[in-house]
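Understanding the architecture of this molecule
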Amino acid sequence: MNLKLAIQKSGRLSEDSIKLLNDCGIGIKSGGNQLKAVSEHFPLEVYFLRDDDIPQYVEDAVAHIGIVGENVLFEKQKNVSIVESLGFGKCRLSIAVKKGDEYTGSQFLQGKKLATSYPVLTQQFLNKNEISAEIHEISGSVELAPGIGLADAVCDLVSSGSTLLMNGLKEAETILQSQAVLIKTASLEESHQKLLNQLVFRIRSVRKAQNNKYILLNAPNHSIDKIIALLPGMKSPTVLPLANEGWSSVHSVVSEDEFWEKIEALKDAGAQGILVVPIEKMIV
Ligand code: PRT
Ligand code: ZN
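The structure reproduced in this document is the subject of the present report. Not measured: the values here are computed from a predicted model. (Residues numbered from 1 in each chain as written. Chains lettered and ligands numbered in written order. Predicted model: local features only at pLDDT ≥ 70, side-chain atom pairs only at ≥ 80, totals over all residues. Heavy atoms only, no water.)

A few words now on the overall build of the protein. From N to C terminus, the protein includes 8 helices and 15 strands. For 284 residues, the compact-globule formula gives about 19 Å, and the C-alpha radius of gyration of the protein, at 24 Å, lies well above that figure. Nonlocal contacts in the protein, meaning residues at least 24 apart in sequence, comprise 68% of its contacts between residues at least 6 apart. Of the roughly 15,000 Å² of accessible surface on the protein, 48% is carried by carbon and sulfur atoms. For the protein, the centre of its 29 positive side-chain charges and the centre of its 34 negative side-chain charges are spaced 3 Å apart. (Helix = DSSP H or I, 4+ residues; strand = E, 2+ residues; numbered from the N terminus. Rg over C-alpha atoms; globule rule 2.2 N^0.38 Å. Contact = heavy atoms within 4.5 Å. Areas by Shrake-Rupley, 256 points an atom, 1.4 Å probe, with all protein chains shown as cover. Lys, Arg positive; Asp, Glu negative; His and termini not counted. Charge placed at Lys NZ, Arg CZ, Asp CG, Glu CD.)

Further remarks concern the coordination of the zinc ion (ligand 2). Taken together, Asp51 (OD) and Asp52 (OD) make up the full set of protein donors to the zinc ion (ligand 2), lying 2.0 to 2.1 Å away. Geometry at the zinc ion (ligand 2) is irregular, judged from the 4 donor atoms that bind it and their angles of 76 to 170 degrees at the metal. Here Asp51 falls in the buried class, since its relative accessible area comes to 19%. Judged by its relative accessible area of 29%, Asp52 is partly exposed. (Donors = N, O, S within 2.8 Å, 3.2 Å for Na, K, Ca; no water. Tetrahedral: all angles 85-135°; square planar, octahedral: opposite > 155°, others 65-115°. Buried < 20%, exposed > 50% of the residue type's maximum accessible area, 1.4 Å probe, protein only.)

The next subject is the sheet that holds strand S3 (residues 44–49). What the 6 strands build is an open sheet, ordered S2-S3-S1-S4-S11-S5; its pairing is mixed. Of all the strands in the sheet, the pair left with one neighbour each is strand S2 (36–38) and strand S5 (80–85). Adjacent strand axes in the sheet meet at a mean angle of 30 degrees, parallel and antiparallel pairs treated alike. Pairing of strand S1 (residues 3–8) with S3, which is carried by 6 bridges, proceeds in the parallel orientation. Looking at the pairing, Leu3 lines up with Leu44 of S3. Its contacts with the sheet place helix H6 (residues 190–210) against S1, strand S4 (65–69), S5 and strand S11 (180–185), and it is angled at close to 30 degrees to S5. (Pairing = 2+ DSSP bridges. Axes fitted to C-alpha atoms, helices over the stretch in contact; angles between N-to-C directions.)

Shown next, in the form of structure tokens:
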């Protein structure tokens, strides 16, 4: 029986969710007007839903698994668990105040009115800081609330911060860092758990590959030891002799985070003709 996955129908997570499946070799066409699609290459059925509804569908096991932002997941408080962080849809839920206000800490909010689409998370933040404030739940364009006198401050999602800026607000305090996660229903029968394990294995291979680059370079033999010391590789770097006597070609894998730093160090150690190639899958 097919494993059922719920993803966002149309919005900020849709494209990345479909791309992740495609990278995992699970071809799915985008939602469009469809409610569901079946993959041709993996026993997976995909439901296209509003992101807010995904935790409930997964709790009810109508979908066995889902892709949703942690912000929505934690707000909805459903009985589901996180299987894997997916690294896209990154944003933060933050308190923002009017540009001219001086935010000295959460006590600034005492007795004030806060507009948000995340009443549960906002209330948790207030409770934790022993602040009593009035929460106005609104479903969209929260950033307009202070300007029209509906609230003194907001608690809203931020990524670049330009929406806040354009509305005369400034970010004061982050209450949650969020990204898209793969969630699953509380209990899965064995056949579905097996399919989920396969899917997670593919996701990890794809994500690992995205975080690494394959690197090829030439170096004089007397520099090889120095160069090898700089390169971790999956086990150790591959070293091949070049036709040009006294020279070798070195192949290895370098993580995206330390990439530029490594390139500089390799050049200083005598590396030449450095080639950097994206990796499609990385099975370790
Ligand atoms: O229709 P549906 O209910 O499915 O979609 P939606 O409109 O509720 O959600 P959508 O598509 O806007 O966002 C889906 C998910 O993307 C969110 O739940 C977050 O997990 C994630 N995400 C990542 C974001 C942002 N970045 C983001 N920037 N969601 C919303 N925003 C908003 C932000 O609130 C601000 O108003 O985008 C605006 C621009 O942000 P700045 O800071 O870059 O200006
Ligand atoms: Zn939504």
